[in-house]
Amino acid sequence: MEDVTEVYAGDICALFGVDCASGDTFVTKSEMHLSMESIYVPDPVISMSIKPANNKDLDQFSKGLNRFVREDPTFRIHYDNESKETIASGMGELHLEIYSQRMEREYNCKCVLGRPKVAFRETLMQPVEVDYLHKKQSGGQGQYGRIIGVIEPLAPEHYTQIEFSEELMGTNIPRQFLPAIKKGFYATLEKGGLTGAKVSGIRFRLQDGAHHIVDSTEIAFILATEGAVKLAYEKGQWQLLEPVMSVEINVPSEYQGAVLGQVSKRKGVVVSTESAEGWSTIYAEVPLNDMFGYSTDLRSATQGKGEFTMEYAKYCPASRELQMKMMQQYDAEILANQGHKKKRT
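Residues numbered from 1 in each chain as written. Predicted model: local features only at pLDDT ≥ 70, side-chain atom pairs only at ≥ 80, totals over all residues. Heavy atoms only, no water.

## Observations concerning the pairing of strand 5 (residues 121–124)
Part 1: Neither face of strand 5 is open: one carries R121 and T123, the other E122 and L124, and all of them are buried.
Part 2: Pairing of strand 5 with strand 9 (residues 198–199) involves two bridges; the strand directions are parallel. Bridging from a neighbouring strand, R121 pairs with K198 of strand 9.
Part 3: Relative to strand 11 (residues 238–252), strand 5 runs antiparallel, the two being bridged by four bridges. Across the sheet, residue L124 finds its bridge partner in strand 11, namely W238. (Buried < 20%, exposed > 50% of the residue type's maximum accessible area, 1.4 Å probe, protein only. Helix = DSSP H or I, 4+ residues; strand = E, 2+ residues; numbered from the N terminus. Pairing = 2+ DSSP bridges.)

This is how it looks when you write it as structure tokens:
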């Protein structure tokens, strides 16, 4: 490397101390609105959770992530509100492992890589009738609200939707309390009774109820609705839903059999296959929960020649084994939290 005062088209040079990101264009005159065509940036193929091993290193962790994102457009970071984790996305497990090592080497911040929690959902299998009375009296104004209705499942193609329908006759529930009932319904669905996942694919048909001229308030009907939904959690038959991805795999034809075996092992369903000029394309639907680590397995099975892309397709019922496993994990988390609270008190 040598110091130079100028460079020409086609030259490769390095600049020090310049605040920039990959793809930026430098011009000699600030009034020039000129930008070179951006480089092609492929979409990430794998995501993993990432966090500092020591919470005291959060500042260094943030600095490192911001720098890596600016210098590498294929490395992306986002915060998952559902799993409460920072998710790093890139072009492969090795890609993400390298940044984890750089974080420790350059920012003295050791990181822990995991796999992100899949966004499972819970839904009903059969309609459930609910009749819940929330009544509380403590000296002054009390709380009173009664909810009667039916919570029923939606069709499989609407597994991600939530519906609320009002079928009231008469004035047993005044109209001004309907927004509070909706609020209580949607708020309770944030955490299901099976595994703690969000609830979706259901419809609440509000059919009747009761109110008190003095004690009925918005908060009373919110709590009454929450109680009605939790009653359905106890009485109803619920099932776990998992996201299924549409996967496209391109491999040399001689590896097609091995790759089909991998897809089957990961509980995937092959939709179709195509072959042309020595290459095979496999189209399959695979549960997202079974896709982590697949890029490494695919490279190993195809001597690094195979590649794949995937995108969300739909939600489908999870296997009985997976549902039981998730329920056991959820029960263990509840017990651990209860034990933690007792120790703190």
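Now that the structure has been shown, the text picks up again.
## Examining helix 3 (residues 178–188)
Part 1: Along helix 3, the positions that sit buried rather than exposed are L178, A180, I181, G184, F185 and T188. When helix 3 is viewed along its axis, its buried side chains cluster within an angular range of 165° and face the same direction. In helix 3, the exposed positions angled more than 90 degrees off the buried face are occupied by P179 and K183.
Part 2: Packing partners of the buried residues in helix 3 comprise strand 7 (143–153), strand 8 (162–166), strand 10 (202–210) and helix 4 (218–235). (Arc of directions from axis to C-beta. Contact = heavy atoms within 4.5 Å.)

## Side note on the sheet that holds strand 7
Part 1: Spatial ordering of the open sheet is given by 6-7-10-8, a layout of four strands whose pairing is mixed. Every interior strand has two partners, whereas the edge strands, strand 6 (128–136) and strand 8, have only one. This sheet shows a mean twist of 25° between the axes of neighbouring strands, independent of strand direction.
Part 2: Alignment of strand 6 against strand 7, held across nine bridges, turns out to be antiparallel. Each bridged residue has a counterpart across the sheet, and for L133 the counterpart in strand 7 is R146.
Part 3: Against the sheet, helix 3 makes contact with strand 7, strand 8 and strand 10, and its axis sits at roughly 155° relative to strand 8, the strand it touches most. (Axes fitted to C-alpha atoms, helices over the stretch in contact; angles between N-to-C directions.)

## As for the pattern of salt bridges
Part 1: Under the defined criterion, the tally for this structure stands at 13 salt bridges.
Part 2: One continuous salt-bridge network, built from bridges that share partners, spans E152, E163, E167, R203 and R205. (Salt bridge = Lys/Arg side-chain N within 4 Å of Asp/Glu carboxyl O.)

## With respect to the sheet that holds strand 3 (residues 85–90)
What links the strands of a sheet is backbone hydrogen bonding, and the strands pair in either a parallel or an antiparallel sense.
Part 1: Pairing in this open sheet of four strands is antiparallel, and the strands run 2-3-1-4 from one edge to the other. At either end of the open sheet lies a strand with only one pairing partner, and these are strand 2 (76–80) and strand 4 (111–113). In this sheet, adjacent strand axes meet at a mean angle of 35° when their direction is disregarded.
Part 2: In this sheet, strand 3 lies alongside strand 1 (residues 46–52) in antiparallel orientation, the contact comprising four bridges. Bridging from a neighbouring strand, S49 pairs with I87 of strand 3.

## Let's talk about the packing of helix 5 (residues 256–265) against helix 6 (residues 294–302)
Part 1: Running from N to C, helix 5 and helix 6 cross one another at 155°; their axes reach a closest spacing of 10 Å. Between helix 5 and helix 6, the crossing angle belongs to the class labelled roughly antiparallel. As helix 5 runs across helix 6, the sense of the crossing is right-handed. For the pair helix 5 and helix 6, the contacting residues are V259, Q262 and V263 in the first and Y294, D297, L298, A301 and T302 in the second.
Part 2: Class assignment of the residues belonging to the contact of helix 5 with helix 6 gives a composition of five nonpolar, two polar and one charged. (Parallel < 35°, antiparallel > 145°, perpendicular 65-115°, else oblique. Left-handed = near helix turned anticlockwise from the far one by under 90°. Nonpolar A, V, L, I, M, F, W, Y, C, P; charged D, E, K, R; others polar.)

Function cannot be read off these values alone, since they describe shape.
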